[in-house]
Amino acid sequence: MNKLKLNLPKGTTKTKIVKICVKNGDSIDVGSKIVEIEGQKGNISIKSNQKGIVEHILINVGDIVEDGVEILELSSNKVESIKSNTTGTIQKIFFKNGDLIQAGDVLMNIEANKGAKAIKSTVSGQIVEVLIREGDKVNLNDDLINIDTTIKVDIKEETDDNHSDVLVIGGGPGGYVAAIYAAQHGKSVTLIEKNKLGGTCLNVGCIPTKALVKSSEVFDEIIHSEQFGIQVSSVKADILSIMNHKEKVVNNLVEGIGFLMNKNNVKVIYGDAKFLDKNSVAVNDITLTATDIIIATGSKISKINIPGIDLPHVMNSTDALSAKELPKSIVIIGGGVIGMEFAFIYKNLGVDVTVVEFMDRLLTMVDYEASEEILRIAKNKGIKVHLSSKVTLIEENQVTYEHDNIQHTLQCDKVLVAIGREPQLDGLDIEKAGCTLARKGIEVNNKMQTNIEHIYAIGDVTNIIQLAHVASEQGIIAVDNILGHNKTMDYTAVPNVVFTDPEIACVGVVEQDVKGSYKSAKFYFASNGKAQTMHKEDGFVKVIQDEKTKQIIGATIIGPDASSLISTMTLAVQNKMKAEDIEKTIFAHPTTSEAIHEAVLGLGLGSIHQ
């Protein structure tokens, strides 16, 4: 037992105790305020020069005391270490220094060979020090966290920690948005994520791909900087630095989602979720239950049966996003969104690119004329494209494809297989929940509800529209219905963007799919002043009007800023606007948005500048 003595200010030998700032059982540190004494100009605070637990207070308010008098009896802190029960990598830490915990609380998850393991506290107290960080590798019996067991922790009211109002399986753009939205409306929410928050989109999809798109565009602009009057003597694409930039962007956004989970009190558990029945889900040897469940497990890369597809030089999109070197040449199998985005990335970085597409045109989901335009632009850039062609064999440094019953070969350093994605249901044991499957995904109604009333499914796992922003909206609709708001999902005005160079964006119907009488009009970016200043004259804006209602029912944009410009047309389609509504809108000059105004004018008397 230590005795703490009173240290009075220099020149003071005797004083009066005005206030005692601690009580028995308190834990104090060096610098903690312990008493207040009377001074000539007011009260003076006296701070501790020791740390420990207050066992006895040896003075009283009002006492006249001298310098050096014993005022407190202190006992030493008792610190116990929580050790690792496995070998693996620290995946997620749920507490920080200073937090109070109870025996049984899950402190962290460790990714081990046989899956994620939960590390639980064996004692109650206050965390003195977290000894490891997320991502660290640990061995069996390594010290992880030091806990001061002398700190008294109020026993929590008994609640079922394994039950939530809403349980979300999957932390991608559908799942994490649904979780936050539900929590904002007062629901207790648990989210299960098997890898990293953000899902495919953030970690190995939309965001990292767009980071590479930007780097490749910057490189291409530097190479062609002479057209802007800028002379550059040399330029090099450093793939390692490009990948580092991509990783920084991804990590910042993943951390941001983690912050939002904490901010909104969403409990996150890392591990593989498996249905036990329609009401319960197992993860990390824990059984979770919920009033409502939202499945948001996303999608996985589709596989096709091509001889040689497993050779070391064959990549999928995830592999391409972590490549450490640029190939001299690459064959891309698939002329869809993934294939064409990577085709322009690689070409802008100086790689020799060939695309082999089974269908008779590229990007079959977009407007036919936009498909023709991107084919023309790709060829002008030097991207070689083979349509109506089927890859039959992959060998080292060679790809064989068939066109018009004739076999052809292509020489290459790398092969990228970009043939799409399919719903991720592996290991979920969805049949135990009783949910019906359709379109190779989970069947839902327009409320995002499965055939099991309290189970919802959103995003790619439904295989309706595989877009991140659709998953987010579906998540909100699902939660609205859980809240009893009776909302339905509307796919009439879903924007779709392809980040080729130039970008392609569309909303509503495309011209080849229009039913009934309609009118369309186009305006080419070659006649747009801002596009000319950017040397981005390729492409056009096309708008489609229903002839009966005069409403704008679709739009396609291929050209500069298409990904941003499509928002204007999405508003128009969503709100059933007519051409005259856009005609009388003033668009800023000089901007690429003026091309929208001009295209809409083309539905009437005609464009002004074309």
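Everything numeric here is computed off the predicted structure, so don't read it as measured data.

Digging into the pattern of salt bridges
Now for step 1: For the structure shown, the criterion picks out 22 salt bridges.
Now for step 2: Measuring nitrogen to oxygen at the nearest pair gives 3.6 Å for the salt bridge that ties Asp272 to Lys194. Residue Asp272 is found in the loop between strand E19 (267-270) and strand E20 (274-275), and its partner Lys194 is found in the loop between strand E18 (189-193) and helix H2 (199-204); the two are separated by 78 residues along the sequence.
Now for step 3: On the basis of relative accessibility, which here comes to 44%, the residue Asp272 falls in the partly exposed class.
Now for step 4: When its relative accessible area of 39% is taken as the criterion, Lys194 is described as partly exposed.
Now for step 5: Residue Lys522 is joined to Glu369 by a salt bridge in which the shortest nitrogen-to-oxygen separation is 2.9 Å. Here Lys522 is found in strand E38 (residues 518-524), whereas its partner Glu369 is found in helix H7 (residues 368-381), with 153 residues between them in sequence.
Now for step 6: Residue class for Lys522 comes out partly exposed when judged on its relative accessible area of 23%.

Re the environment of Ser48
Now for step 1: Along the chain, Ser48 turns up in the loop between strand E5 (42-47) and strand E6 (52-57).
Now for step 2: When neighbours within four sequence positions are excluded, Ser48 is seen to be in contact with Leu4, Ile28, Asp29, Val30, Gly31, Ser32 and Ile34.

Regarding the packing of aromatic side chains
Now for step 1: Taken as a whole and assessed by the stated rule, the structure comprises 2 aromatic pairs.
Now for step 2: Plain terms: the ring middles of Tyr524 and Phe540 are 5.8 Å apart, the flat faces sit at 70 degrees to each other, and that makes the pair edge-to-face. Of this pair, Tyr524 sits in strand E38 while Phe540 sits in strand E39 (residues 540-546), placing them 16 residues apart in sequence.
Now for step 3: Among the residues examined, Tyr524 registers a relative accessible area of 35% and is labelled partly exposed.
Now for step 4: For Lys522, the ring lying beneath its charged end belongs to Phe540, and the centroid distance is 5.1 Å.

A look at the side chain of Ser302
Now for step 1: Note on placement: Ser302 falls in the loop between strand E23 (299-301) and strand E24 (314-315).
Now for step 2: Look at Ser302 and you get buried, because its relative accessible area is 14%.
Now for step 3: Contact partners of Ser302, with chain neighbours within four places excluded, come to Ile419, Gly420, Arg421 and Glu422.

Things to note about the environment of Gln532
Now for step 1: Residue position: Gln532 is located in helix H9 (residues 529-533).
Now for step 2: When the C-alpha positions of Gln532 and Thr592 are compared, they lie 9.7 Å apart, and in sequence the two are 60 residues distant.
Now for step 3: What Gln532 contacts, discounting residues up to four positions off in sequence, is Ala526 and Glu537.
Now for step 4: Of the polar contacts made by the side chain of Gln532, one reaches the backbone oxygen of Ala526; its length is 2.8 Å.

Digging into the sheet that holds strand E37 (residues 503-508)
Now for step 1: Across the sheet, 5 strands lie side by side as E36-E37-E40-E39-E38; this open sheet has antiparallel pairing. Every interior strand has two partners, whereas the edge strands, strand E36 (496-498) and E38, have only one. Between one strand axis and the next, the sheet turns through 10 degrees on average, direction left out of account.
Now for step 2: Sheet topology places E37 next to strand E40 (residues 552-559); 6 bridges connect them, and they run antiparallel. For Val507, the partnering residue across the bridge sits in E40 and is Ala555.
Now for step 3: The sheet contacts of H7 involve E37, E38, E39 and E40, and relative to E40 the element is tilted by about 0 degrees.

About the cut-offs
- Each chain carries its own residue numbering, running from 1 in the direction its sequence is written.
- The predicted nature of this model means local features are confined to residues of pLDDT at least 70 and side-chain atom pairs, given and counted, to a pLDDT of 80 or more, with totals for whole chains, interfaces and linings taken over all residues.
- Excluding hydrogens and water, the side-chain values take into account all heavy atoms of the structure.
- Note on definitions: salt bridges are taken to be side-chain nitrogens of Lys or Arg within 4 Å of carboxyl oxygens of Asp or Glu.
- Labels follow the DSSP assignment, with helices taken as runs of H or I lasting at least four residues and strands as runs of E lasting at least two, numbered in each case from the N terminus.
- When accessible area is computed with a 1.4 Å probe and restricted to protein chains, residues below 20% of their type maximum are described as buried, those above 50% as exposed, and intermediate ones as partly exposed.
- The contact criterion used is simple: two residues touch if any of their non-hydrogen atoms lie within 4.5 Å.
- Stacked, tilted and edge-to-face are the three classes assigned to paired rings of Phe, Tyr and Trp, where Trp is represented by its six-membered ring and a pair needs centres within 6.5 Å; plane angles under 30 degrees give stacked, over 60 edge-to-face, the rest tilted.
- Comment: the charge-over-ring label is applied if NZ (Lys) or CZ (Arg) is within 6 Å of the ring centre and within 35 degrees of the ring normal.
- Whenever two N or O atoms come within 3.5 Å, that pair is a polar contact, provided that in protein one can donate a hydrogen and the other can accept it, and provided that, for residues adjacent in sequence, both atoms are side-chain atoms.
- Pairing between strands requires that DSSP locate at least two bridges from one strand to the other.
- Helix axes use the C-alpha atoms of the stretch in contact, all axes being lines fitted to C-alpha atoms, and the angles between their N-to-C directions lie in the range 0 to 180 degrees.

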